[in-house]
Amino acid sequence: MKIVVVGGTGLIGSKLVTMLAEQGHEVVAASPGTGVNTLTGEGVAEALAGASVVVDVSNSPSFEEDAVREFFETSTRTLLAAEAEAGVGHHVALSVVGTGRPPGNPYFRAKIAQERLIEEGAVPYSLVHATQFYEFVRRIADDAADGGKVRMAPVLFQPIAGDDVARILARVAAGAPLNGRVEIAGPERYRMDAFFRDALASWDDPREVVTDPHAHYFGAELGERSLVPDDGATLGAVRYGDWPGR
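Residues numbered from 1 in each chain as written. Predicted model: local features only at pLDDT ≥ 70, side-chain atom pairs only at ≥ 80, totals over all residues. Heavy atoms only, no water.

Observations concerning the overall build of the protein
Stage number 1. Scanning the protein from terminus to terminus reveals seven helices and 14 strands.
Stage number 2. Its C-alpha atoms give the protein a radius of gyration of 18 Å, near enough to 18 Å, the size a compact globule of 246 residues would have.
Stage number 3. Along the longest, intermediate and shortest principal axes, the C-alpha atoms of the protein span 55 × 35 × 35 Å.
Stage number 4. A burial count over the protein gives 51% of its 246 residues as buried. (Helix = DSSP H or I, 4+ residues; strand = E, 2+ residues; numbered from the N terminus. Rg over C-alpha atoms; globule rule 2.2 N^0.38 Å. Buried < 20%, exposed > 50% of the residue type's maximum accessible area, 1.4 Å probe, protein only.)

Below, the structure written as C-alpha cells:
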C-alpha cells in the first residue's frame, strides 16, 4: 500500500517510515521539510494522491493553549478534507493516554479536539493512545524543575519506548480501521516520583526529586491513573532498564 506518514521526519515518524518501508509499503514521509505543510495545505494533495492510509504523528511546535489547539484542528481539517478527495480509506492518529480524563491540560484538550474531528469525519479511522515516550523522560523532568528540585506527584506512570510505539502504529496502519481507539503503554508500571528519583540518579543529575501530590504535569495536577491505560492495553516489549537511550 501507499502510506503517508505526516510528521514522518520526527522521532516516531522516522521510525515508522523505516518499518513500513521494510514491510514493502510505498511510504511518503510528509513534513514541512519535505514540502508538505498541513497548516497551509502546501503539497498535501500531491502527497496523498493514490494513498490508502494516512498516519498522523505530527506534533505542535508550541504547547501554549491557543497555539496547540490551532495546530491540531487546522492540520486535522486539512488532512481529512484531502483524504476524502483522494479516496484514502484509513486515517490513523497518534494521541495520548488520558486525554479524556480530568484534570486536563491545554495539550490534552487540543488532542481531544483533534480526535473529535476525526471521529465526526467521513474517513474510517484508528486512534492510538500512547503513554509518555522514554525519549521524553528528560523533558518531563525539566518541565517539573523548581530550582534545584524536581517536583513529581506519587501517581502511576507507565512510559513506552519510541520503537514500540512505531511498531504498533505500523501494525494498526496495515490493518482494517478500528473506528475506535487502542491504548498502548510500556511493559512496566511505576510510581512517577520513584521512577524519576531513580532516573535522575542514573544520569548523575544532582537535582532532588520531591514527592508532591500537587505537582503539575505540563500545567495540570494529576490523579492516580491520569497517565496510565485501562485494562486491556497493548504493551510494548522494551523495558526502560534495557532501553539503549536510558
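Some points on the packing of helix 3 (residues 65–86) against helix 4 (residues 106–120)
Stage number 1. Interaxial distance between helix 3 and helix 4 falls to 8 Å at its minimum, and their mutual angle equals 20°. Classified by the angle their axes make, helix 3 and helix 4 are roughly parallel. With respect to the hand of their crossing, helix 3 and helix 4 are arranged in right-handed fashion. For the pair formed by helix 3 and helix 4, the contact residues are E65, V68, R69, F72, E73, T76, R77 and L80 on the first element and P106, Y107, R109, A110, K111, A113, Q114, L117 and I118 on the second.
Stage number 2. Looking at the contact of helix 3 with helix 4, its residues break down into nine nonpolar, two polar and six charged. (Axes fitted to C-alpha atoms, helices over the stretch in contact; angles between N-to-C directions. Parallel < 35°, antiparallel > 145°, perpendicular 65-115°, else oblique. Left-handed = near helix turned anticlockwise from the far one by under 90°. Contact = heavy atoms within 4.5 Å. Nonpolar A, V, L, I, M, F, W, Y, C, P; charged D, E, K, R; others polar.)

Focus on unusual backbone geometry
Stage number 1. The phi angle at N179 is positive, at roughly 45°, despite the residue not being glycine.
Stage number 2. With respect to the element layout, N179 can be found in the loop between helix 6 (162–174) and strand 9 (180–185).
Stage number 3. The phi angle at F218 is positive, at roughly 50°, despite the residue not being glycine.
Stage number 4. By the element assignment, F218 lies in the loop between strand 12 (216–217) and strand 13 (220–221).
Stage number 5. Residue classification places F218 among the partly exposed residues on the basis of a relative accessible area of 21%.

A word on empty space enclosed by the protein
Stage number 1. Evaluation of the coordinates by the stated rule reveals one cavity of 30 Å³ or more.
Stage number 2. Taken as a whole, the largest cavity holds about 70 Å³ of empty space.
Stage number 3. In terms of lining residues, the largest cavity is bounded by I140, D143, A144, R151, M152, A153, M192, A215, H216, Y217, F218 and L222.
Stage number 4. The set of elements that each furnish at least two residues to the lining of the largest cavity consists of helix 5 (137–143), strand 7 (149–152) and strand 12. (1 Å grid on protein atoms, 1.4 Å probe; cavity = no way out; pocket = protein on both sides within 12 Å on 5 of 7 lines; lining within 4 Å. Points joined across faces, edges and corners; volume = space filled by probe spheres on them.)

Considering the sheet that holds strand 3 (residues 53–56)
Stage number 1. Strands sit in the order 2-1-3-4-5-9-14 across an open sheet of seven strands; the sheet is parallel. One side of each edge strand has no neighbouring strand; the edge strands of this open sheet are strand 2 (26–30) and strand 14 (234–235).
Stage number 2. Taken together, the four bridges between strand 3 and strand 4 (residues 90–96) define a ladder with parallel strand orientation. Bridge pairing links V53 to H90 in strand 4.
Stage number 3. Along the sheet, helix 4 makes contact with strand 3, strand 4, strand 5 (125–130) and strand 9, crossing strand 4 at roughly 160°. (Pairing = 2+ DSSP bridges.)

Some thoughts on the pattern of salt bridges
Stage number 1. If you walk through the whole model with that rule in mind, you get 14 salt bridges.
Stage number 2. For the salt bridge of R181 with E115, the shortest nitrogen-to-oxygen distance reads 3.5 Å. Note that R181 is positioned in strand 9 and E115 in helix 4, a separation of 66 residues in sequence.
Stage number 3. For R181, a relative accessible area of 44% corresponds to the partly exposed category.
Stage number 4. The class for E115 is buried, based on a relative accessible area of 5%.
Stage number 5. Taking the shortest distance from any N to any O, the salt bridge between D193 and R191 comes out at 2.6 Å. (Salt bridge = Lys/Arg side-chain N within 4 Å of Asp/Glu carboxyl O.)

Here we look at the layout of surface pockets
Stage number 1. Of the volumes computed, that of the largest pocket is approximately 760 Å³.
Stage number 2. Looking at the largest pocket, it is lined by 36 residues, and the ones nearest its centre are S58, N59, Y107, F133 and F136.
Stage number 3. Among the elements of the structure, helix 1 (11–22), strand 4, helix 4 and helix 5 are those that each provide at least two residues to the lining of the largest pocket.

A word on the nonpolar core
Nonpolar side chains in soluble globular proteins tend to be buried together.
Stage number 1. Counting 31 residues, the largest nonpolar core has M152, M192, F196 and Y240 as its most contacted members.
Stage number 2. Going through the elements one at a time, helix 3, helix 4, helix 5, strand 7 and helix 7 (192–202) are the ones with two or more residues in this core.
Stage number 3. Broken down by element, this core gets its largest block of residues, five residues, from helix 7.
Stage number 4. Setting aside anything within four residues of it in sequence, one finds M152 in contact with I140, A141, A144, M192, D193, F196, V209, V210, T211, D212 and A215.
Stage number 5. Listed in part, the 25 residues of the second largest apolar core include V92, A166, L169 and V172. (Core = buried A, V, L, I, M, F, W, Y, C linked by side-chain atoms within 4.5 Å.)

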